[in-house]
Amino acid sequence: MSTTIKRLWVLPCALFAVSGVAQAVEFTGYVRSGAGGSSEGGTQSCFQLPGAQSKYRLGNECEQYIELDLRQDLLKLDDGSVISVEGMAQLYNEYGHTPEFTGDHGFARMNQMYAEWSNMPALNGGSFWAGRRFYKRNDIHISDYYYWNQSATGFGFDQVAIGDLKYSYVFSRKDNYDQDPYINRHDFNVDGFQTNPGGEVGFGVSYIDKPDSLDAHSGWSVAVQHKQKEFLGGLNTFALQYGRGPGTALGYTGDPTLDNANKSWRVVEFFDWQVTPRFGGQFQVVYQKDTRPDGDDQNWLSVGVRPSYAITEQFKLVTELGRDQVEAPGGTRKLTKFTIAPTWSPAGPGFWERPEIRLYYTYASWNEAAQRAASQMAAGSALSDTGAFGDALHGSNFGVQLEYWWK
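Please read these numbers as outputs of a predicted model, since none were measured by experiment. (Residues numbered from 1 in each chain as written. Predicted model: local features only at pLDDT ≥ 70, side-chain atom pairs only at ≥ 80, totals over all residues. Heavy atoms only, no water.)

### A closer look at the overall build of the chain
Reasoning step 1: Helix and strand counts for the chain stand at three helices and 20 strands.
Reasoning step 2: Over its C-alpha atoms the chain spans a radius of gyration of 22 Å, differing by no more than 12% from the 22 Å that the globule rule assigns to 407 residues.
Reasoning step 3: For the chain, the spread of C-alpha atoms along the three principal axes comes to 65 × 55 × 50 Å.
Reasoning step 4: Buried positions account for 47% of the 407 residues belonging to the chain.
Reasoning step 5: A fraction of 55% describes how many contacts in the chain between residues 6 or more apart in sequence connect residues 24 or more apart.
Reasoning step 6: Carbon and sulfur atoms form 58% of the exposed surface of the chain, whose accessible area is close to 18,800 Å².
Reasoning step 7: Here the chain contributes 35 positive and 46 negative side-chain charges, whose respective centroids are spaced 1 Å apart. (Helix = DSSP H or I, 4+ residues; strand = E, 2+ residues; numbered from the N terminus. Rg over C-alpha atoms; globule rule 2.2 N^0.38 Å. Buried < 20%, exposed > 50% of the residue type's maximum accessible area, 1.4 Å probe, protein only. Contact = heavy atoms within 4.5 Å. Areas by Shrake-Rupley, 256 points an atom, 1.4 Å probe, with all protein chains shown as cover. Lys, Arg positive; Asp, Glu negative; His and termini not counted. Charge placed at Lys NZ, Arg CZ, Asp CG, Glu CD.)

Dropping the structure here:
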């Protein structure tokens, strides 16, 4: 085991060491693992359109990925509040390479490590936390797209109740692993607006300070989101986002060299359904428009669906169809991806039941504009003319995958 991976277990071991007043450790996690190949021979090469911020993931994931999370309550005070610590180890390794989880084709790191004082009477049941934390991660499962994500290294006040609403604030200096330079960021959220039976609206504002560097600017973004329960037996989500300057990353800290003339807006619509115990799925539409004074404008449209039908209590037939289109200088790029996956689901027939063990076949087609962009921006990728499929404008992959999460 590498030194890097060994170090990841220092915090989890420390959590077990603090006993006495503490409850048992909560162990949760996620595993995605498999093996795949290409119709052209060799290791599976995944399909993603240049300029699209996500890809449809069924039969289109080219890595081993693990998250292992431990949470320990250290102390329960007389006022009912609880002091806890939490740590999560994250391991990633690309297909086609020995799973060492380090080097050019993998990594191992602590992506969460924070302390929290929760259920505080002084905050009307809210909490205070500090450290590195996954926080308010709004995502679409079938494309693994975190469109509004306030995960950060910093501190925050979470879900402070005032009347019928709940308020949250986060100060952070780094909101993703690759961010450079460190930038002060402020996120303020209000949740709990009851708009209709089963419907609730949340609102968020993010302000990004100007960093101490040349040609840098401040920025901001706003987001509003409506969630509707009991929609086709599931949940519907609709979100609008708008940002300027570094706020054009819409949920992340963007490029600090962009000034206020640079703007982006996004609309997100997706819903989960489980209309019968055996028939479920998820559908999504994302549209984003980026306006840049230098002429590097871009419009991205993504439409996809993953239906799942359980033929028996433990056997599902899962399919996924996704279409991405990016209008950008150099032409309109297009990618269509289809996957069929016979799936064993020992936990039951529902769409969200895990674990799943899948056999899959994936076919994708793209146009010349997509190939040109991939050749320039991501040489060697599946869509590029130096990738697994060469000059062809289509290709296919096949393989087996296990996906499992537990709480």
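Moving on from the coordinates now.
### Some remarks on the pairing of strand β11 (residues 199–208)
Reasoning step 1: As defined by bridge partners, strand β10 (residues 185–196) adjoins β11 across 10 bridges and the pair is classed as antiparallel. Across the sheet, valine 190 pairs through a bridge with phenylalanine 203, a residue of β11.
Reasoning step 2: Taking the residues that link successive antiparallel strands as the turn, the β10-β11 hairpin has two residues, and the phi of glycine 198 there is positive, at about 80°.
Reasoning step 3: Relative to strand β12 (residues 219–231), β11 runs antiparallel, the two being bridged by 10 bridges. Bridging from a neighbouring strand, valine 201 pairs with histidine 226 of β12. (Pairing = 2+ DSSP bridges.)

### Let's talk about the side chain of lysine 316
Reasoning step 1: Examined against the element boundaries, lysine 316 turns out to sit in strand β17 (residues 315–328).
Reasoning step 2: Within polar-contact distance, the side chain of lysine 316 engages the side chain of serine 345 at 3.3 Å.
Reasoning step 3: A distance of 2.7 Å separates polar atoms of two side chains, one belonging to lysine 316 and the other to glutamate 356. (Polar contact = N/O pair within 3.5 Å; in protein donor to acceptor, adjacent residues only side chain to side chain.)

### Details of the pattern of salt bridges
Reasoning step 1: As enumerated under the stated definition, the model contains 20 salt bridges in all.
Reasoning step 2: Between arginine 354 and glutamate 403 there is a salt bridge, with its nearest N and O atoms 2.9 Å apart. Within this pair, whereas arginine 354 is found in the loop between β18 (331–344) and β19 (356–366), its partner glutamate 403 is found in strand β20 (residues 394–406), the two being separated by 49 residues in sequence.
Reasoning step 3: Under the relative-accessibility criterion, arginine 354 is labelled buried at 8%. (Salt bridge = Lys/Arg side-chain N within 4 Å of Asp/Glu carboxyl O.)

### Points about the nonpolar core
Reasoning step 1: Residues Phe47, Ile140, Tyr147, Trp366 and Leu383 are the most contacted members of the largest nonpolar core, which totals 26 residues.
Reasoning step 2: Going through the elements one at a time, β7 (145–149), β14 (263–274), β17, β19 and α3 (368–377) are the ones with two or more residues in this core.
Reasoning step 3: A per-element tally of this core places β7 first, with three residues.
Reasoning step 4: With sequence-adjacent residues up to four places away left out, phenylalanine 47 is seen in contact with Lys55, Asn60, Leu335, Thr362, Ala364, Trp366, Ala382, Leu383, Phe389, Gly395, Ser396 and Asn397.
Reasoning step 5: Judged by nonpolar contacts, the second largest core, of seven residues, contains Cys62, Tyr95, Ala341 and Tyr360. (Core = buried A, V, L, I, M, F, W, Y, C linked by side-chain atoms within 4.5 Å.)

### Remarks on unusual backbone geometry
Reasoning step 1: Between arginine 354 and proline 355 the backbone carries a cis peptide bond, its omega angle lying at 15°.
Reasoning step 2: Looking at where proline 355 falls in the secondary structure, it is placed in the loop between β18 and β19.
Reasoning step 3: The phi dihedral of lysine 136 is positive, around 45°, even though this residue is not glycine.
Reasoning step 4: Secondary-structure assignment places lysine 136 in the loop between β5 (126–133) and β6 (137–140).
Reasoning step 5: Residues other than glycine seldom take positive phi values, yet glutamine 159 does so here, at roughly 55°.
Reasoning step 6: Its place among the elements puts glutamine 159 in strand β8 (residues 152–162).
Reasoning step 7: On the accessibility criterion, glutamine 159 (25% relative accessible area) is partly exposed.

### Focus on α3
Reasoning step 1: Looking only at α3, the buried set comprises Ala369, Ala370, Gln371, Ala373 and Ala374.
Reasoning step 2: Where α3 is buried, its residues touch β18 and β19.

### A look at the state of the cysteines
Reasoning step 1: This model, assessed by the stated rule, comprises one disulfide.
Reasoning step 2: Each sulfur in the disulfide pair cysteine 46 and cysteine 62 lies 2.0 Å from the other. Since a negative S-S torsion denotes a left-handed disulfide, the cysteine 46-cysteine 62 link at about 105° is right-handed. Of the two residues, cysteine 46 is situated in the loop between β1 (26–38) and β2 (63–76) and cysteine 62 in the loop between β1 and β2; the sequence distance between them amounts to 16 residues. Just as cysteine 46 is buried, cysteine 62 falls in that class too. (Disulfide = S-S within 2.5 Å.)

### Digging into the side chain of glutamine 225
Reasoning step 1: Relative to the elements of secondary structure, glutamine 225 occurs in strand β12.
Reasoning step 2: There is a polar contact of 3.0 Å between the side chain of glutamine 225 and the side chain of asparagine 138.
Reasoning step 3: When neighbours within four sequence positions are excluded, glutamine 225 is seen to be in contact with Asn138, Tyr147, Trp148, Glu200, Val201, Gly202, Thr237, Phe238 and Ala239.

### Here's the deal with the packing of aromatic side chains
Reasoning step 1: One pass over the full model with this rule turns up 25 aromatic pairs.
Reasoning step 2: On the numbers, 5.7 Å between centres and 50° between planes, the contact of tryptophan 220 with tyrosine 242 is tilted. Taken as a pair, tryptophan 220 in strand β12 and tyrosine 242 in strand β13 (residues 234–244) lie far apart in primary sequence, 22 residues in all.
Reasoning step 3: Take tyrosine 242: its relative accessible area is 25%, and that puts it in the partly exposed class.
Reasoning step 4: Ring centres of phenylalanine 351 and tryptophan 352 lie 5.1 Å apart, and the angle between their planes is 85°; this geometry places the pair in the edge-to-face category.
Reasoning step 5: Members of the aromatic cluster, connected to one another through ring pairs, are Tyr30, Tyr65, Phe351, Trp352 and Trp405.
Reasoning step 6: Of note, arginine 109 hangs over the ring of phenylalanine 107, and the distance from its end group to the ring centre comes to 3.9 Å.
Reasoning step 7: Directly above the aromatic system of tyrosine 177 lies the positively charged group of arginine 109, at a separation of 3.8 Å from the ring centroid. (Phe/Tyr/Trp six-rings, centres within 6.5 Å; stacked < 30°, edge-to-face > 60°. Lys NZ or Arg CZ within 6 Å of the ring centre and 35° of its normal.)

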